[in-house]
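Coordinate inspection notes
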Amino acid sequence: MNSQLIQQVRVLDPVANTDEIADVLIVDRTIQAIAPHLSEAIGADTEVIDGRGLILGPGLVDLYSHSGEPGFEERETLVSLMQAAAAGGFTRLGILPDTHPEIDNATAVTGLHRCLNLLPQQSPQKLPQFYIWGALTLGAKGEQMTELAELANAGVVGFTDGQPVKKLGLLRRSLEYLQPLGLPIALWPCDRDLGGNGSVREGSTSIRLGLVGSPAIAETSALAAILEIVAATGTPVHLMRISTARSVELIRAAKAQGLPITASTTWMHLLLNVQNIRGHLNPNSSLCHPAPEIPYDAAMHLDPPVGNIEDQLALISAVEDGAIDVVAIDHSPYSYEETHVAFAESPPGAIGLELALPLLWHNLVETGKLTALQLWRVLSTNPAECFQQKPATFTQGSSAELILFDPQKTWKVEINHLASRSHNTPWLGQTLTGQVVKTLA
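Cut-off values and rules
- Residues numbered from 1 in each chain as written.
- Predicted model: local features only at pLDDT ≥ 70, side-chain atom pairs only at ≥ 80, totals over all residues.
- Heavy atoms only, no water.
- Helix = DSSP H or I, 4+ residues; strand = E, 2+ residues; numbered from the N terminus.
- Rg over C-alpha atoms; globule rule 2.2 N^0.38 Å.
- Buried < 20%, exposed > 50% of the residue type's maximum accessible area, 1.4 Å probe, protein only.
- Contact = heavy atoms within 4.5 Å.
- Areas by Shrake-Rupley, 256 points an atom, 1.4 Å probe, with all protein chains shown as cover.
- pLDDT = per-residue confidence, 0-100.
- Core = buried A, V, L, I, M, F, W, Y, C linked by side-chain atoms within 4.5 Å.
- Salt bridge = Lys/Arg side-chain N within 4 Å of Asp/Glu carboxyl O.
- Axes fitted to C-alpha atoms, helices over the stretch in contact; angles between N-to-C directions.
- Parallel < 35°, antiparallel > 145°, perpendicular 65-115°, else oblique.
- Left-handed = near helix turned anticlockwise from the far one by under 90°.

**Here we look at the overall build of the protein**
- For the protein, the helix and strand inventory stands at 13 helices and 19 strands.
- The globule rule puts the C-alpha radius of gyration for 441 residues at 22 Å, and the 21 Å found for the protein is close to it.
- Along the longest, intermediate and shortest principal axes, the C-alpha atoms of the protein span 65 × 55 × 45 Å.
- Counting the 441 residues in the protein, one finds 57% classified as buried.
- Here the contacts in the protein between residues at least 6 apart in sequence split such that 76% fall between residues at least 24 apart.
- Summed over its atoms, the accessible surface of the protein is roughly 17,600 Å², and 51% of this surface lies on carbon and sulfur atoms.

This is the structure:
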C-alpha cells in the first residue's frame, strides 16, 4: 500500500471553491481524507510530506499546444513535450493537429496514439495525459472538410485547425455537420488579409518600434463573423487566442445573449504588451524597463501579436470576471536556427509549459489582480471542462491528480534546466520564483 500524508499544506480546490490549510492523506493514488489535522493517519509505511508554505492543487490542463513530433523532432519530441508538461505541473495536454503529417485523417490519429502508448516510462505517473485535436479542414487552402466522423471514431478529443478558417461558408457547414457529434470545436478568429504581415499590435508603440502593426480588427472582424455563425447554427464553439480589448467586449455581449461559447487567451498575452518588446523583462513582473540597446527578442513575436497595454489589462479583467474561461499555454517550440533571425522574420510563438505557473502566480496572484482560485480555475478546472472531461477534485475517494507548487522556490531558466528541446522564451537566463516540486497522480 502506497500512503502519503501532506501536512499543513494550502489546498486549492476550484471545484468546491475552497482555499484552506489542511492535511491531505493519499492512499494508493486515491484521496482518503482531508482535515485540519490527520496525525493519527501516520502509519509505519506512510510518507510524510511537510506542506507548510506549499500549495496543493489539481493538476494543470493545457487546452492547446504544439508537438514537434511527428515531423519536426528537432523542435520537440513527444518525450520532451511530456517531460516539459510534467515539470510545469500539467497532467493533461491537448496537441494541435499541425504536425507533419497533419492530424487530418484516421490513420494519422491511430499512428499518433500508437506513438503515445509507446512512450517510455519517464515517471511513475507517465504524465501528462495527451488529447489529440483533429483538423477541421484539409491542406493549406482549407477548402474542404476532413472526414470528421472518421476522426471522431478514431479518438480525437475535438476539432480545430489551430489556424483561421478561411471560408465562412465552409465553417457554417462544418458547424452544422459537427453538431450531432457533440465534440469540442476550437476556432481562432483571425483575418490574415487584414492582419497583413504585422508582427505587433498596431498603434503608436509599433510605429516607434519600427515594426509593422497588425490592427485589432484583424481579430474582431473574424470574431464577429464566427459569433454570427454560432448564433445561426447553435453549435457550441471555443474561441481560442483572444488578444484584444474589443474582442473581450464582443465575447461578453455574446455570452449575455446566451450564445454557446467559451474563450481562451494565452498566458503570454496576460503578461506582456508591445512595450516589452524593446526592453528588459523583470522575471516576476510584466513591467518593461526600456533598454534601446537590446535587440528585439524573437521569443516575443507571437501570433496573435502581443497587444497594447489596454489589451493586456482588458484580458486580465476578463479572466477575473469569467468572460475569458481558459488560459492556454500554446507551447510553440522552435529551434535555435529558426529563432535567431530578425524579429519580423522569426516564426511566431514561444515555449511556456515549464514557465507559465510561476510567472502567472507572481504577476497576477501576488499582485492581487487574481485570486489563487481564479488562476487555478482557468489553468485546470475550466480547460478540463472545455475538453468535456471531468476536472480533478479533492472529493474523498476520488483519484489523486494533484501537484505541489512552491511559490517561493527560485530557479534559473537555463538550457540545461529546461526539459523542452527548444529554448525560445524571453525569460531565458532569468531567475524565476515558484516551481512545481512534486506531482501526485
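So, next bit.
**Observations regarding the confidence of the model for the protein**
- Per-residue pLDDT for the protein averages 92, and the proportion of residues at 70 or more is 94%.
- Predicted confidence for residues 283-294 stays below pLDDT 50, and this span has 35 contacts to residues more than four positions away or in other chains.

**Let's talk about the nonpolar core**
- Within the largest apolar cluster, 92 residues are counted, with the highest numbers of intra-cluster contacts made by Leu239, Trp267 and Leu360.
- The element contributing the most residues to this core is helix H12 (residues 356-365), with 7 residues.
- Those residues in contact with Leu239 that sit more than four places away from it in its chain are Leu187, Leu223, Ile226, Leu227, Ile251, Ile261, Thr262, Ala263 and Ser264.
- Among the nonpolar cores identified, the runner-up in size contains 16 residues, and Leu63, Trp133, Val157 and Ala186 belong to it.

**Observations regarding the pattern of salt bridges**
- In the structure shown here, the tally under the stated rule is 13 salt bridges.
- Across the salt bridge formed by Asp325 and Lys255, the nearest N and O atoms sit 2.7 Å from each other. Pair noted here: Asp325 is in the loop between helix H10 (309-321) and strand S17 (326-328) and Lys255 is in helix H8 (residues 245-256), with a separation of 70 residues, a long-range link.
- For Asp325, a relative accessible area of 15% translates into the label buried.

**Let's talk about the packing of helix H7 (residues 217-233) against H8**
- At a minimum axis separation of 9 Å, H7 and H8 run at an interaxial angle of 15°. In terms of orientation, H7 lies roughly parallel with respect to H8. Viewed along their axes, H7 and H8 form a crossing whose handedness is right-handed. On the side of H7, the interface is formed by Glu219, Thr220, Leu223 and Leu227, while H8 contributes Arg246, Ser247, Leu250, Ile251 and Ala254.

**Here we look at unusual backbone geometry**
- Along the chain, Glu69 connects to Pro70 via a cis peptide bond; the corresponding omega equals 5°.
- Here Pro70 lies in the loop between strand S6 (60-65) and helix H1 (78-87).
- That bond from Asp303 to Pro304 is cis: its omega, 5°, falls within 30 degrees of zero.
- Checked against the element boundaries, Pro304 lands in the loop between strand S16 (288-290) and H10.
- One non-glycine residue with positive phi stands out, namely Gln8, at about 50°.
- The residue Gln8 is located in strand S1 (residues 3-13) in this model.
- A positive phi angle, near 60°, is found at Arg241, a position not held by glycine.
- Considering the arrangement of structural elements, one finds Arg241 in the loop between strand S13 (237-239) and H8.
- Owing to a relative accessible area of 3%, Arg241 belongs among the buried residues under this scheme.

**Some points on the environment of Ala350**
- Note that Ala350 resides in the loop between helix H11 (336-339) and H12.
- Residue classification places Ala350 among the buried positions, given a relative accessible area of 3%.
- For the pair formed by Ala350 and Ser204, sequence separation is 146 residues and the distance between their alpha carbons is 25 Å.

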